[in-house]
Amino acid sequence: KRVVVFISGGGSNMMALVAAAKAGDFPAEIVGVISDKADAGGLAKAAAQGIPTFAFVRKDFASKEAHEEAIFAALDQLSPDILCLAGYMRLLSGTFIQRYEGRMINIHPSLLPLFPGLHTHQRAIDAGMRIAGCTVHFVTEGMDEGPVIGQAAVPVLSSDTADCLAARVLTVEHQLYPQALRLFAQGKVKMEGGKAVSTDAA
Ligand code: GRF
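What you are looking at is a predicted structure, and each value in this text was computed from that prediction instead of being measured.

1. A word on the site of the ligand
- Around the ligand, the surrounding shell consists of Gly 10, Gly 11, Ser 12, Asn 13, Gly 87, Ile 107, Pro 109, Leu 170 and Glu 173.
- One nitrogen or oxygen atom from the side chain of Ser 12 is found 2.6 Å from an oxygen atom belonging to the ligand.
- Between the ligand and the protein, one listed contact pairs an oxygen atom with a backbone N or O atom of Asn 13 at 2.9 Å.
- Within the complex, 78% of the 370 Å² of free accessible area of the ligand lies under protein.
- Secondary structure elements with two or more residues in the shell around the ligand: α1 (12–21) and α6 (162–185).
- The residue makeup of the shell around the ligand, split by class, is three nonpolar, five polar and one charged.

What follows is the structure in structure tokens.
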């Protein structure tokens, strides 16, 4: 399966997917990395791996539609089977989501449906949570509310700050995302009727 990864920042999740895809038995290859930030640190990391990279900066386009049209043109060239959002900090239009629904997944740093949106770690601490974690889910129209493919949990320690909880969660993100992509690329999970359903795919 051909995978394009979308990033806005350092791309540590993207690099975890790149590393996993190097295994001979991994059912996907990362064929491109797209960012909405020209200075996203992950672009240089991907390029150093020989992966084609593209930056589409919103302010260079007259509208959100034009911005997305440029992304679609790059995607048409890359012909991905799967899109992986990995720290992509931009909401996609309904047009974009409809074009890729069922083929686009995202990693979010909370145990959805708890704490959709931003500042998830501080909110978990403020709520007195004793566990926190991350979720890989199919991307649907609503933000951070698509069917869940997988989750990973970590303890919240009484001494935790948002930063150290974020670091603990990021560690398991890097394990969860490759596992979730493997399952999806193998066809062992798919989105059907608005739900993530397991298949008995070989
Ligand atoms: C991760 O915490 C991810 O869950 C969230 O943004 C961060 C991205 O980090 N969406 P990176 O760019 O993958 O290092």
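2. Some thoughts on the packing of aromatic side chains
- Overall, the coordinates contain six aromatic pairs when judged by the stated rule.
- Pairing Phe 6 with Tyr 88 gives two aromatic rings, centres 5.3 Å apart and planes at 75°, and the pair type is edge-to-face. Placement of Phe 6 in strand β1 (residues 2–7) and of Tyr 88 in the loop between β4 (82–85) and α4 (94–100) is noted, with a sequence separation of 82 residues between them. Exposure class is identical for Phe 6 and Tyr 88. Each is buried.
- Both rings, one in Phe 72 and one in Phe 96, keep their centres 5.1 Å apart while their planes meet at 55°; by these two values the pair is tilted. Here Phe 72, found in helix α3 (residues 64–78), pairs with Phe 96, found in helix α4; they are 24 residues apart in sequence, far enough to count as distant. Like Phe 96, Phe 72 is buried.
- Following the ring pairs from residue to residue traces out a cluster consisting of Phe 6, Phe 72, Tyr 88, Phe 96 and Tyr 100.

3. Here we look at the pattern of salt bridges
- If you walk through the whole model with that rule in mind, you get four salt bridges.
- One salt bridge in this structure joins Asp 160 and Arg 168, with 2.7 Å as the shortest N-O distance.
- Among the residues examined, Asp 160 registers a relative accessible area of 9% and is labelled buried.
- Among the residues examined, Arg 168 registers a relative accessible area of 23% and is labelled partly exposed.
- Here Lys 190 and Glu 192 are joined by a salt bridge, their closest N and O atoms 3.2 Å apart.
- Since its relative accessible area comes to 36%, Lys 190 is described here as partly exposed.
- Look at Glu 192 and you get partly exposed, because its relative accessible area is 45%.

What counts, and at which threshold
- Residues numbered from 1 in each chain as written.
- Predicted model: local features only at pLDDT ≥ 70, side-chain atom pairs only at ≥ 80, totals over all residues.
- Heavy atoms only, no water.
- Near = heavy atom within 4 Å.
- Polar contact = N/O pair within 3.5 Å; in protein donor to acceptor, adjacent residues only side chain to side chain.
- Areas by Shrake-Rupley, 256 points an atom, 1.4 Å probe, with all protein chains shown as cover.
- Helix = DSSP H or I, 4+ residues; strand = E, 2+ residues; numbered from the N terminus.
- Nonpolar A, V, L, I, M, F, W, Y, C, P; charged D, E, K, R; others polar.
- Phe/Tyr/Trp six-rings, centres within 6.5 Å; stacked < 30°, edge-to-face > 60°.
- Buried < 20%, exposed > 50% of the residue type's maximum accessible area, 1.4 Å probe, protein only.
- Salt bridge = Lys/Arg side-chain N within 4 Å of Asp/Glu carboxyl O.

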